[in-house]
Amino acid sequence: MTIMRGVNRVILIGNLGKDPDVQYLEGNIGVAKFSLATTETYKDRTGKLVSQTEWHTVVLWRGLADLAQKYLHKGSLVYIEGRLRTRSWEDKEGNKKFATEVVGDNLIMLDKRGEGPGYNSAHHHDNLEGISNVDIPPIGETAEDLPF
């Protein structure tokens, strides 16, 4: 009998809905969180173009969190590769809450030179594109209590 392993892989290209919210956990471990919009356009039965936007919550750790804080802004176009993670917690009233997030382990900035909100040529370095976050820690109780 062969046991098949699962695959949890997400690839998104979209625009940031807000500036990254970056916080630091114990040990100066950076964690960035932001919303990412992906829009699909298709033709309906009548031939009319229809756009559908999905919103995703993206979480980046350590070096990628620092990169996001320095170089990403609302409207930035990015490629994110990562995995889905769903966490649950109880709110103050004891209701069980769930959140599904994309934990990114690869980020490529797609804004062209001189484009994008908050662009500053002094802050654009080609060698920063495609940075991977190899050492992503598991989410412990501390991270679940983050206020964002």
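About the criteria used
Position labels on residues start from 1 in each chain and follow its written sequence. Given that this is a predicted model, residues contribute local features only at a pLDDT of at least 70 and side-chain atom pairs are listed and counted only at 80 or more, while totals for whole chains, interfaces and linings are drawn from all residues. In computing side-chain values, all of the structure's heavy atoms are included and hydrogens and water are not. Strands here mean DSSP runs of E at least two residues long; helices mean DSSP runs of H or I at least four residues long; both are numbered from the N terminus. With a 1.4 Å probe rolled over the protein chains alone, any residue whose accessible area is under 20% of its type maximum counts as buried; one over 50% counts as exposed, and the rest are partly exposed. Contact criterion: two residues are considered in contact whenever any of their non-hydrogen atoms come within 4.5 Å of each other. Take the buried Ala, Val, Leu, Ile, Met, Phe, Trp, Tyr and Cys residues and link them wherever side-chain atoms come within 4.5 Å; each set so joined is a nonpolar core. For two strands to count as paired, DSSP must find a minimum of two bridges between them. Values of pLDDT, ranging from 0 to 100, describe the predictor's confidence in every residue of the model. This arc describes the spread of directions from the helix axis toward the C-beta atoms. A side-chain nitrogen of Lys or Arg and a carboxyl oxygen of Asp or Glu constitute a salt bridge if their distance falls within 4 Å.

> Just give me the short version of the overall build of the chain, but keep the residues and values in it.
On a plain count of helices and strands, the chain comes out with two helices and seven strands. Beginning at the N terminus, the succession of helices and strands in the chain can be written as β-β-β-β-α-β-β-β-α. For the chain, the proportion of its 148 residues judged to be buried stands at 36%. Looking at the chain alone, contacts between residues at least 24 apart form 62% of all its contacts between residues at least 6 apart.

> Provide a residue-level description of the nonpolar core, including the pertinent values.
Judged by nonpolar contacts, the single largest core of 20 residues is most densely connected at Phe34, Leu36, Leu60, Leu72, Ile80 and Leu107. If we skip the residues at most four places from it in the chain, Ile80 touches Val10, Ile11, Leu12, Phe34, Leu36, Val58, Val102, Gly104, Asn106 and Leu107. Core analysis: the second largest hydrophobic core is formed by six residues, Leu25, Ile29, Val59 and Trp61 among them.

> Any details on unusual backbone geometry? Residues and values, ideally.
Residue Asn28 is not a glycine yet carries a positive backbone phi of 60 degrees. Summarising the element assignment, Asn28 is placed in the loop between β2 (21–25) and β3 (29–43). One non-glycine residue, Arg62, lies in the positive phi region at around 50 degrees. When its relative accessible area of 26% is taken as the criterion, Arg62 is described as partly exposed.

> Got a sec to walk through the pairing of strand β5 (residues 77–90)? Specific residues and values, please.
Pairing of strand β1 (residues 10–16) with β5, which is carried by six bridges, proceeds in the antiparallel orientation. Counted as the bridge partner of Val10 is Gly82 from β5. One ladder, built from 13 bridges, connects β5 with strand β6 (residues 96–109); its direction is antiparallel. Across the sheet, Ser88 pairs through a bridge with Phe98, a residue of β6. Here β5 folds back onto β6 in antiparallel fashion, the turn holding five residues, of which Gly94 has a positive phi close to 85 degrees.

> Account for the pairing of β2, with residues named and values stated.
When β2 meets β3, the two strands line up antiparallel, connected through five bridges. Within β3, the position partnered with Tyr24 by the bridge is Gly30. Hairpin connection from β2 to β3: three residues lie between these consecutive antiparallel strands, with Gly27 at a positive phi of about 80 degrees.

> Pulling in residues and values, what's your account of the confidence of the model for the chain?
Looking at the chain as a whole, its pLDDT mean stands at 82, while 76% of the residues score no less than 70. Overall, residues 118–148 carries pLDDT values under 50, and its contacts beyond four positions in sequence, including any with other chains, amount to 61 contacts.

> Run through helix α1 (residues 62–71), naming residues and quoting values.
Structurally, the α-helix is built with 3.6 residues per turn, so residues lying three or four positions apart point the same way. Residues of α1 that are buried include every one of Leu64, Ala65, Leu67, Ala68 and Tyr71, and no others. An end-on view of α1 places all buried positions within 160 degrees of arc, on one side of the element.

> Pulling in residues and values, what's your account of the pattern of salt bridges?
Here the structure, examined in full by the defined rule, presents six salt bridges. With its nearest N and O atoms 2.3 Å apart, the salt bridge here joins Arg85 to Glu101. With Arg85 in strand β5 and Glu101 in strand β6, this pair connects stretches of sequence that are 16 residues apart. The same class applies to Arg85 and to Glu101, which are both buried. Note that Asp91 is salt-bridged to Lys97, the shortest N-O span being 3.9 Å. Judged by relative accessible area, which is 37%, Lys97 ranks as partly exposed. One network of salt bridges, in which partners are shared, links Lys33, Arg85, Arg87 and Glu101.

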